[in-house]
Structures are given as structure tokens and as C-alpha cells.
Amino acid sequence: IIGYTVIPHVLYNVYTQSFNVPALKTYANIPICISIILVALAVMIIVTFIAVNVKFKKSPANLLRPVSPKSGHKVILEKISIIWNKISFSWKVTIRNLFRYKKRIIMTLIGISGCTALLLTGFGIKDSISKIVDIQFQEIQKYDSMLVLNENLKEPSTEINRLLEENNITEPLYTHMETLSFNTDDKNVDVYALAFETTEINTYFNLTSLEGNPLTLDDNGAIITQKIASLLEVDVGDTITLRDTNNEIYLIKVAGIAKNYINNYVYMSKDYYNSIFEEIEYNTIITNINELGDKLLKSDYFLSIQYTNDSVSVLQDIFDSMNNIVFLIIGFSSILAITVLYNLTTINISERTREIATLKVLGFNDREISMYVYRETIILTIIGILIGLLLGIALNIFVLNVAETDEIIFIKDINYLSYILTVVIMIIFTVIVQIITNLILKKINMIDSLKSVE
């Protein structure tokens, strides 16, 4: 029911930030519903059958007798006498118990590492979303606005330069900008081709290679962004094929591959553009102004002004709405973590009720009994968290690779704070579960538990 009501609305809100779409109507697809129910039932039945199949083979008389505790074996650590002799009796028992119940160890490690991996993936996606806009529009594309010219120019205009100077706009970058496309996997992908009046574009563009080395425009080829290179599987020195709106084909030599995360771009010098296309005509001026738009539009030179802040605002709204998906992942993984920890701990206690009752008879107090059980859980939780962090890194990369589109590349770095939050949350859940199960331990009656066989 939640899958058909809550989750679709969370996903739907992502699209409403950038598209005008009809109101969401959810309905139950009967064949799919039945399939989901059948799969869930089949899994539960199979697991139950495997779990009790061993018991079916035993006679009723044997089933009525309590299961004998698994015998302990020497562990590797015992062979290191320098360490083993310094360990207290309680810890020796704990270490031996860990290796007595191998199935429980595997179940605990899988459960905790899986929950940790999901939590870290959720935080990792959030980190990627929060970084991408700032890096793209503050570090890579550093301009504040694009002035779209009313008429194309074959060379910079003295009158326009004078108007810009009067409005305190310096270093205007005359640019030719058009949309081209290429084919990959039976689909068209759009790219923005930019050719500049000068090769000195560092004021507005910080083009760096994937290794972080600075790139400069030259007359021997174009600089393409990394998504284009990835989709076309090309490297520096190769040639790519682009088409214009008239379906004319152009061969572009790759002189460099630049880091880029949003949209696809091909950067060219004026001379290289002229050698491939027709003579360049400038239709855009890139500047660092974020106001005075009305003054400039009153002149006859400009058709419109595109502010970077407007693009950032739209993208930020989209990515903010995607955070709802992240919170959904974190929420469900948190519930799963509590469920896994609680079930494993209660199973551990229920299977060892007589053992715990015996310890009480021998004089162990409540705190010692609790630590006898919890030490195993704490050790397995720590190991599970460490494994889960490694799995989370791999899962985060996988999810982001799947989520990427032809226009967006996600940053696959996870902040240190996300690692810390993941560990802290798992520890908090472990503590909460231990507090709850401690009440169960206190309720174990020594006499009733020991005579339950009769």
C-alpha cells in the first residue's frame, strides 16, 4: 500500500520542479500486485521450509528434548598466548561464542552491513546532488550572464562595447553558440557548441582535464566535455561526428576532454571553427553582470539576457526535490536496520534462554548477563559497519552511474561527515535495540527456564 501511495508522490515531486505534468493519479496494476504478493509469499515459504526441514527428519521424541548447546572449539587467538592470557574470562567466553554460532554471525554481518551500505548510499547521493551545481556554475562556468544579440555579428561591435562600458561591463566575450547533436545507442544527444572571439577565456571558463590539468583552446581541435567522450568512447586525438539542425555532418577533432557535470559542450577557437564550419558569426556575449538587464534590453542590440542564477535556481529546485528520494532511502534503511538488529538479538536470546538462566543461577547479575549477550552484538555490529562502509562506497557508485542521464554526470565523492553520520546512526540503533532487549533479559525466570523441559 505504501508502495502505491507514498513513494510515487515522492518521485513525482521531482518532475514537477522542472516540467509541467498532469496531476498524479495512482492505481493498482492487478497483475503486478499479484506478482509482488506471490514473490513475497514464495520467498517466505522457501525460507521457512529450509529452516524447519531439518526438524521434519527427526522423530517426535528427539524434538521434545532440548537442543544440546554447540560445543566450543579453540579459536586461532588462543594460540597466541601473549594476547589470550591477558584477556578476561568474560571476553574469552564472548570470543568463543562468536565462533560457536556461525550462522548467526553470517546473518548479523549481512544484515548490518546491508543496512550500513544503504544508509551510506543515501548520504552519498545527497552529497553528490549538493556539490554538482556549485562546482558547475562556480568553478567550471564562472560567468554570470549571456547577452543574446538581436543580430549576428561577424566581428565585435564598437557601439556595443561602448554601451557595455557605460554600464561598467568589462571584458565582454563575443561567442558563437549553437546546438549540435550526435548519435549514440540509437538516440540523439544535444550538445552546445561554443566558439570564442579569443582563446583567453579563463575569466569565464575554467576548463581542466579529468586529471585536473588546465586546458587551453588552440587551432588544432576542439575541447569536448567528459560525457560526450564517455558516450562516444573517444579519447584525445580521435574524431567525433556532429550534426547541425540542417542535418549537415561535421567532423571535429578532439584536442582535449574537460571536466563537466551538467549539459554537454564543445569549446572551439574562432580559427578552428572557421576551418570546420562557415565563417563565424557571434550571436552571444558572455559577461559577469547579474543585473542592469532592463537597461541593456532597451537598446536595439540585445534580444534577451540569460542569467546564470536563474539556471542555478531551477536546477537547485530539481535537486532539492531529489533529496526527498534520498530521505526515503535513509528512512527505509533505518527501519530495516532497527528490524534486523532487534530480530537477531531476540533470536539470540530466545535460543539461549536456558544458557542465560544457568548463568543467573550461577550468580551472574543483570549487568553481567546483559554484557554477556551484548558483547557479541557489539563486536558483530562494528565488523558489519566496517564491511557496510566498503559496500556502501561501491553501491553509491553503482546507483549514481545508473541514475546519470546523457546530460548529467554525478560526483561520486562521499563527504567524511556522511561516513560519521552513518556510523553514529547505526550505533544509536544498536544501543536502542539493546535497551529494549535488556527488558527481555530481565524477565527471564531462572526456575521456569531450567525446568521447561519437564
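Residues numbered from 1 in each chain as written. Predicted model: local features only at pLDDT ≥ 70, side-chain atom pairs only at ≥ 80, totals over all residues. Heavy atoms only, no water.

1. So, the nonpolar core
We count it as follows: In this description, a nonpolar core means a group of buried Ala, Val, Leu, Ile, Met, Phe, Trp, Tyr and Cys residues linked to one another through side-chain atoms lying within 4.5 Å. The buried label applies to any residue whose accessible area, calculated with a 1.4 Å probe on protein chains only, is under 20% of its type's maximum; exposed applies above 50%, and partly exposed to all values in between. In what follows, a contact means two residues having at least one pair of non-hydrogen atoms within 4.5 Å.
In terms of nonpolar packing, the biggest core is built from 38 residues, with Ile 224, Met 268, Leu 296 and Phe 302 touching the most fellow members. Residues contacting Met 268, with those up to four places away along its chain left out, are Ala 193, Leu 194, Ala 195, Phe 196, Leu 217, Ala 222, Tyr 273 and Phe 277. Membership of the second largest hydrophobic core comes to 34 residues, among which are Ile 112, Ile 132, Phe 137 and Leu 341.

2. Digging into unusual backbone geometry
Heads up, the condition is: Counting from the N terminus, the helices are DSSP H or I runs at least four residues long and the strands are E runs at least two residues long.
Backbone geometry at Glu 171 places phi at a positive 55 degrees, although glycine is not the residue there. Along the chain, Glu 171 turns up in the loop between α7 (158-166) and β2 (173-184). Unusually for a residue other than glycine, Glu 233 sits at a positive phi of about 55 degrees.

3. Re the environment of Leu 98
One can find Leu 98 in helix α5 (residues 89-100). Taking the relative accessible area as the measure of exposure, Leu 98 reaches 11% and is therefore buried. Excluding residues within four positions of it along the chain, Leu 98 makes contact with Ile 105, Glu 376, Ile 379 and Leu 380.

4. A few points about the confidence of the model for the protein
Stated precisely, the cut-off is as follows: Note on scores: pLDDT gives the predictor's confidence for each residue, bounded by 0 and 100.
With 94% of its residues at a pLDDT of 70 or more, the protein has an overall mean of 83. The element-level mean pLDDT for the protein is lowest in helix α15 (residues 446-450), coming to 62, with strand β7 (residues 265-269) highest at 94.

5. Focus: the pattern of salt bridges
A side chain with one charge may pair with a side chain of the opposite charge, provided their charged atoms come close. The criterion, for reference: Criterion for a salt bridge: a side-chain nitrogen of Lys or Arg within 4 Å of a carboxyl oxygen of Asp or Glu.
Evaluated as defined, the whole model comprises three salt bridges. Between Lys 227 and Glu 404 there is a salt bridge whose closest N-O contact spans 3.3 Å. Highlighted residues: Lys 227 in helix α8 (residues 226-232) and Glu 404 in the loop between α13 (366-403) and α14 (416-443), separated in sequence by 177 residues. A residue is classified by how much of its surface remains accessible, and Lys 227, at 11% relative accessible area, is buried. A relative accessible area of 16% places Glu 404 in the buried class. Of the charged contacts in the structure, one is a salt bridge between Lys 412 and Glu 404, with a shortest N-O distance of 2.6 Å.

6. Side note on the side chain of Thr 381
In this fold, Thr 381 is placed in helix α13. For Thr 381, a relative accessible area of 4% translates into the label buried. Those residues in contact with Thr 381 that sit more than four places away from it in its chain are Ile 112, Leu 341 and Thr 430.

7. As for the pairing of β2
Applied cut-off: If DSSP finds at least two bridges between two strands, the strands pair.
By the bridge criterion, three bridges tie β2 to strand β8 (residues 282-287) in an arrangement that is antiparallel. Among the inter-strand pairings, Thr 175 is bridged to a residue of β8, identified as Thr 284. In sequence, β2 turns back onto strand β3 (residues 187-196) through a hairpin of two residues, with Asp 185 there showing a positive phi of about 55 degrees.

8. Brief notes about α7
The following threshold applies: By construction, the arc corresponds to the directions joining the helix axis to the C-beta atoms.
Turning to α7, its buried residues number three or more, namely Ile 160, Leu 163 and Leu 164. Viewed end-on, α7 has its buried residues packed into an arc of 100 degrees, placing them on one side of the element. Away from its buried face, by an angle of more than 90 degrees, α7 presents the exposed residues Thr 158, Glu 165 and Glu 166. Backbone geometry just after α7 places Asn 168 at a positive phi near 60 degrees.

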